[in-house]
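Survey of secondary and tertiary structure
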Amino acid sequence: RRMTKLFVSVSFIMTMVVTMAMVMMMMLMVVTSVRGSCDPYVATDGTKYDDLYALTGKGNYQYKDNSPSSSYTYYYNYCEEVVAPPALSIPTAAAQCGDNNGYCVALGGIGSIYSDHPKGPSNGVTITYSPNNIDRCRSGTVPRTIKQIVNCNPQVQHRFISVEEDDVCSYVFTSESSYACPSTPTPIEGCPAFRSTDGSEYANLYALTSFSSDYTTGTNPKFTWNFCRDVAPSPLCVLPAPATQTSSSYCYQLGYLSHTSFSNHPLGPRFGVNITYEDVFSPPVCSGANRSASLVVTCDPSTDYTFTSVTSNNCFQYNILMRSKHACVTNVPYPPRTSCGKYTSSNGQYSYDLTNLTSYMDYTQSLGNNRYTWNFCSAITATSNCTSPGVSYMTRDSSNSWNAGCAVIGTGANGYTVNDHPSGQAMGVYIQYRGATSDCTSFLAILVATCDAQDTRFVRIIEYSCRVDIYVTSKFACPL
């Protein structure tokens, strides 16, 4: 019997030990289940937030309120318990401690629920915590609650903005962080196809994206960019951006993939594309303008990629100019082109190679009710009222009552002449077209091309009664 009693006693003790161990393990599991990092969140419109775990700090975040009406220090964390002296009544994601009396109170619980940002599902996240029903306020009648609104800001890892009591014992913490931005997967196929306003389709833009290295130019400052893809980070540029400007002491993010837009080329919808990255998160630089980078890619079937230049205005809006066959229209064939060829000034001192003045796309500009379409020494394609493409070097499409319709200017092999620039034989050239219009028996068009360091750019149009002067600048109008 003694052996039986001893066996029973030992069995009972072992059972109690195992039971206590299981209880301790369950308690440990309960404790660890309320601690840790934030979970991913999918907003109501499908926007994904996969980086919220990085919001959770290894220690407390801290904010000291120095306003005249209060003297408190706030301790907070995200989806994690804070530790603030003295010990709190319950685990909490935020605590308020009086600077004068040292008394700390938990402003809510630790269990969290995610919801959309108040300004929209792509602007960040809202984290609401369970209430504190132990340390109630208003004589124990109202539980304390916490809500954290985290704004998306790709430029900062974390920045506190404010804490406010929006209702009785209901505290709203507002902050901003790059970890509260929508998850944007890195594109694996480059830029999407783009259709310009006239229906021209650019289906080969994906080939511009470089996956081996980024595009760069300059040293101090240095510009780095890619197409529809963030550039590689550097010691000064740690936040993701598709274009940056750097020197030995600074880095500027020139826009973000989340704010990318496609538009017509500045010279017209068939000249190529304009891809703009905009920085909408920083304060406007001047006159309400945001810092930006525009990748202006001109169609050139003769090259995979050729960099031209970088230009800017006083508001830190940069144009990065380049040429590529991947920025040519894919749904409409370009017509065969002739060119102005070579020209020597009348005094024999200056030689010009005008071959590249001729564009694979027609130039077009409007003045009043007249729209002019032209090319250099090469027949243009059809315009809206001109149904005979490949015939004339210029057309005037007019909606004026006295000369409505299309006027053809300059036709045939002898439809143009190349002449010295009116400002000097070393300044460039001018090309003259003649033709009949409804209002003039002999209409004169003069294209003045002035030497410049940039690609061909339109300057202005001046109209006369039976003549029009069109001014451009171009590096292809410079003497050799």
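For the structure, see preceding data.
Notes on the structure follow. Residue indices follow the written sequence of each chain, beginning from 1 at its first position. Owing to the predicted nature of the model, reporting of local features is limited to residues with pLDDT of at least 70; listing and counting of side-chain atom pairs is limited to 80 or more, with chain, interface and lining totals taken over all residues. Here the side-chain values reflect all heavy atoms present in the structure, with hydrogen atoms and water set aside.

So, the pairing of strand 12 (residues 170-177)
In plain terms, the rule: When accessible area is computed with a 1.4 Å probe and restricted to protein chains, residues below 20% of their type maximum are described as buried, those above 50% as exposed, and intermediate ones as partly exposed. Put simply, DSSP H or I for four residues or longer makes a helix, DSSP E for two residues or longer makes a strand, and each gets a number counted from the N terminus. Any two strands between which DSSP finds at least two bridges are classified as paired.
When you tally the buried positions in strand 12, you get eight out of eight residues, the bulk of the element. Here strand 12 shows two buried faces, one formed by Ser170, Val172, Thr174 and Glu176 and the other by Tyr171, Phe173, Ser175 and Ser177. By the bridge criterion, eight bridges tie strand 10 (residues 142-152) to strand 12 in an arrangement that is parallel. Counterpart to asparagine 151 in the pairing with strand 12 is glutamate 176. Pairing of strand 11 (residues 159-167) with strand 12, which is carried by seven bridges, proceeds in the antiparallel orientation. Bridge pairing in strand 12 places phenylalanine 160 opposite serine 175.

Structural notes on the nonpolar core
Under the convention used in this document: Only buried residues count toward a nonpolar core. Its members are Ala, Val, Leu, Ile, Met, Phe, Trp, Tyr and Cys residues joined through side-chain atoms within 4.5 Å. A contact between two residues is defined here by any heavy atoms of the two lying within 4.5 Å.
In terms of nonpolar packing, the biggest core is built from 33 residues, with Trp374, Phe376 and Met394 touching the most fellow members. Residue assignment for this core shows that the elements contributing at least two residues are strand 27 (370-374), strand 28 (392-398), strand 31 (428-435), strand 32 (443-451) and strand 34 (467-474). Take this core: its biggest share by element is four residues, from strand 32. Beyond its immediate chain neighbours, meaning those up to four positions away, phenylalanine 376 contacts Ser339, Cys340, Leu357, Thr358, Tyr363, Ile431, Tyr433, Leu447 and Val472. Tyr49, Leu52, Tyr61 and Val163 belong to the second-largest nonpolar core, a separate cluster that totals 26 residues.

Description of the layout of surface pockets
The condition that has to hold: Note on definitions: the grid is 1 Å and covers protein atoms alone; a cavity is a set of points where a 1.4 Å probe fits but cannot get out; a pocket is an open set with protein on both sides within 12 Å along at least five of seven lines; lining residues have an atom within 4 Å of a point. Grid points are joined across faces, edges and corners, and a volume is the space filled by probe spheres set on the points. Residues are grouped as follows: Ala, Val, Leu, Ile, Met, Phe, Trp, Tyr, Cys and Pro are nonpolar; Asp, Glu, Lys and Arg are charged; every other residue, Gly included, is polar.
Volume-wise, the largest pocket comes out at about 1,100 Å³. Top contributing element to the lining of the largest pocket by residue count: strand 19 (residues 256-265), with four residues. Per-class residue counts for the lining of the largest pocket are 22 nonpolar, 16 polar and five charged. As a volume, the second largest pocket reaches approximately 610 Å³. For the lining of the second largest pocket, the secondary-structure elements that each account for two or more residues are strand 21 (292-299), strand 22 (306-312), strand 23 (317-324) and strand 33 (457-463). With four residues, strand 23 is the largest single contributor of residues to the lining of the second largest pocket. Here the residues of the lining of the second largest pocket sort into 13 nonpolar, 14 polar and five charged.

Structural notes on the pairing of strand 10
Two elements, strand 8 (residues 124-129) and strand 10, share five bridges in a ladder whose sense is antiparallel. The residue of strand 10 that forms the bridge with threonine 128 is lysine 147. Across two bridges, the pairing between strand 9 (residues 132-137) and strand 10 is antiparallel. Looking at strand 10, one finds that asparagine 132 is bridged to arginine 144. Between strand 9 and strand 10, which pair antiparallel in sequence order, lie four residues; one of them, arginine 138, sits at a positive phi of approximately 55 degrees.

Here we look at the state of the cysteines
How we decide: In what follows, a disulfide is any cysteine sulfur pair within 2.5 Å.
With the rule as written, the count across this model stands at ten disulfides. Disulfide pairing is shown between cysteine 340 and cysteine 377; the S-S distance is 1.9 Å. Residues cysteine 340 and cysteine 377 are joined through a disulfide that is right-handed, its torsion about the S-S bond being 90 degrees. Of the two residues, cysteine 340 sits in the loop between strand 23 and strand 24 (342-344) while cysteine 377 sits in the loop between strand 27 and strand 28, which places them 37 residues apart along the sequence. A relative accessible area of 10% means that cysteine 340 is categorised as buried.

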